[in-house]
Amino acid sequence: MFLKDGIKCHAQFLKSGLVPPIFTSNQLIHLYANHCLIHEAQKLFDEMPERNVVSWNVIISAYVKSNHLPQAKALFDSASVRDLVTYNTILSGYANADGYQSCAIELFLGMQRKRGEMGIDEVTLTTMVNLFAKLCSLTGGRQLHSYMIKTGNDRSGFAVSSLIDMYSKCGCFGDACLVFKGCEGPVDLVSKNAIVAACCKVGEVDLALRLFWRANESNDTVSWNTMISGLVQNSYEEKALELFIRMWKNRVKFNEHTFASILGACCGLRNLKLGKEVHAWILKNDLISNAFINSGIVDLYCKCGNMKYAESACSISGFENPFSITSMIVGCSMQGNMIQARRLFNSLAEKNHVVWTALFSGYVKSQQSEVVFDLLKEFREKEATTADVLILVSVLNACASQSALNPGKQIHGYLFRMGFQMDEKMTSALIDMYSKCGSVAYAENIFRRAVKRDSVTYNVMIACYAHHGQDVHAMHLFREMLEKGVRPDSVTLIALLSACRHAGFLDMGEKLFYSMKEGYNISPEIEHYGCMVDLYGRAMQLEKAVELFKQIPESQQDVVLLGAFLNACRLNRNVELAREVEERILKTERDKGARFVQLANAYAAEGNWDEMGRIRKLMKGNEAKKFAGCSWLYLDHRVHIFTSGDTSHFQAKTIYSILASLTGELCHIGRGPCVEDNSHGILLDKT
DNA sequence: CTAGGGTTAG
């Protein structure tokens, strides 16, 4: 029934003075609810002289759909009649509303206990599977699955698609596939869409595409949206746009989900021109005030560096849309404009965890560690709830990047006192923090005690060993990783190869590098090549370094790789080649100042003062600017910052006299101090 | 007899 017809029908009853029969009133209430006319629905419900169980069900459902859980709950509690549908309606309300999840579980347990009276059915079970998916509770999900198999409630499209989604969200792609493969008869479209989404989530794009095109004539809007969004998520933006054009040519209806993905594609490509076209299209389709779309547009303009447009898009949706403001905060952070980010943050009436996290990571990225800790204090004061795990992870990252051991330990202690469930993310962040702060033993301790370890956990621990010169330990851990069946990824290999290059393990490095593709299905990227070039250079095998270097297309060669190659040339005393590479480095536009300094320092370290002087002259001619590198210490709850020759510290005199005596000791041992030593990771390059 | 509850895409 259309709304128009419903209103006409309702009006006729009112005119004639007759009361509509229960059946009609129920239908009308349902109709009003579907059109978000909750007041009309309630009014009609109040005026009913007689109600049956369906009347209660439709009015409760109306409040559930409009996210008015307290009202829905009150109606449920006062309902004069209830059946299984009533229970399922309020159960789904609890399951989908934030903060009501424990009510859902409690209600479900009650329904199970009172099996004789009301019982549970397939709808109850799929609702609960959905809830466990949202909570990422694999244990609960598995229990429900086996119960569903036992009671024969695992067959319908609803059941299958929910189960696929649950396994996918819980990180069990294999189980999701098993559920999908176990289906008999014709493939259910929603289940197919769910498995396509699951494939994309784990990066199995080819498989997703194959499934998508199989029986593609029945694909609906959701199928196309799922595939397009999956391609965007896996950085196949062009393919996503191609697919969108095909969708259009096939006359498949598209909607706001489609636009959100297309915006994501433009954003990933940093394609402002195309993004503007999509923006215009969105305006034409009157979707600009949609919260997701609007924040997508804001995100697009931020990522393309056009803050003016971003701001105007954000203000169009009014300062009501927290999604857009969060995108703006992220955008300002990327520009290093933390003042504006903070202003936007303050403008929000309610701060959710996402926006807190955005602000935290902004300060982390702009390396304002003091502010990060102040903000943590503020967060704990204002938010009565325990600190969000993600926020603590980002604070730990701040500690790691600042080598701030004491605050890191404080966070660790806080986690311990609060009895936080340590997940892989938190474990990895802690290991990384201790590693970067120089405490290998602590890092090791946490790694050994961890209940769950994923590839990231292994990666940070291997990298820790590699950075601290414990190359044999790094290799051992890699073997353990393989034995435990944890799949190594591209980062694992970077850590291992850098361990090899620090230790000069030529054979092992070669073996690893050339077995990457076949052994672990990882294609070597620029970083891996960089490690190998460096390894060959240090092993005085320039030919091999050259050979490898030439395999990389010029367009992909970055300064890090060029720097490694230059180093290899110089170590092998190939002046001609070195000069060639040097020119290429100086041609790189980005961070020009930093490149000059890098070169000058390299020559200075060699004691090649003529070359260094030459580079310094070039610097002047190019008017290269570089902020002074600085070192700092975290001591007595504050950060002490030093630059070269700096006398601004209040205890500068004492510091310099101690430094002089230390330098004297070093000279005494027989090794002169380095001119400008950047190798300890305490140098902050603020170029 | 016909109504009401559960699935996938941002």
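Just above, that's the structure.
The model shown is predicted, which means the values in this text are computed figures rather than measured ones. (Residues numbered from 1 in each chain as written. Chains lettered and ligands numbered in written order. Predicted model: local features only at pLDDT ≥ 70, side-chain atom pairs only at ≥ 80, totals over all residues. Heavy atoms only, no water.)

Chemist: Sorry, what's going on with unusual backbone geometry here?
Modeler: Note on backbone geometry: most residues besides glycine have negative phi, and most peptide bonds are trans. Of note in this structure, Ser-235 is not a glycine but carries a positive phi near 65 degrees. When you line up the elements, Ser-235 lands in the loop between helix H14 (221-233) and helix H15 (237-249). The exposure class assigned to Ser-235 is exposed, which follows from its relative accessible area of 51%. Located in the positive-phi region is Arg-270, a residue other than glycine, with phi close to 55 degrees. Looking at the element boundaries, Arg-270 is found in the loop between helix H16 (256-269) and helix H17 (272-284). (Helix = DSSP H or I, 4+ residues; strand = E, 2+ residues; numbered from the N terminus. Buried < 20%, exposed > 50% of the residue type's maximum accessible area, 1.4 Å probe, protein only.)

Chemist: Sorry, what's going on with the state of the cysteines here?
Modeler: Simply put, disulfide is the name for a covalent bond between the sulfur atoms of two cysteines. For the structure on display, the rule yields zero disulfides. Looking at the unpaired Cys-267, the closest cysteine sulfur is the one in Cys-304, lying at 6.3 Å. Cysteine Cys-399 remains unbridged, with the sulfur of Cys-437 as its closest cysteine sulfur at 6.8 Å. (Disulfide = S-S within 2.5 Å.)

Chemist: Please explain the pattern of salt bridges as it appears in this structure.
Modeler: Pairing is possible between side chains that carry opposite charge, provided their charged atoms lie close to one another. For the structure shown, the criterion picks out 16 salt bridges. When the shortest N-O distance is used, the salt bridge between Glu-480 and Arg-448 registers 3.3 Å. With Glu-480 in helix H29 (residues 471-483) and Arg-448 in helix H27 (residues 440-449), this residue pair connects regions lying 32 residues apart in the sequence. Look at Glu-480 and you get buried, because its relative accessible area is 15%. Here Arg-538 and Asp-534 are joined by a salt bridge, their closest N and O atoms 2.7 Å apart. Note that Arg-538 and Asp-534 are positioned in helix H32 (residues 526-538) at a spacing of four residues, about one turn of the helix. (Salt bridge = Lys/Arg side-chain N within 4 Å of Asp/Glu carboxyl O.)

Chemist: Sorry, what's going on with the layout of surface pockets here?
Modeler: Rolled over the atoms, a probe as big as a water molecule pinpoints where empty space is left. There is about 830 Å³ of room inside the second largest pocket. Lining the second largest pocket we find 24 residues, and of these Phe-323, Lys-351, Asn-352, His-353 and Val-354 sit closest to its centre. Every element with two or more residues in the lining of the second largest pocket is listed here: helix H18 (291-303), helix H20 (322-334), helix H22 (353-365), helix H24 (389-402) and helix H26 (424-436). For the lining of the second largest pocket, the leading source of residues is H20, giving five residues. (1 Å grid on protein atoms, 1.4 Å probe; cavity = no way out; pocket = protein on both sides within 12 Å on 5 of 7 lines; lining within 4 Å. Points joined across faces, edges and corners; volume = space filled by probe spheres on them.)

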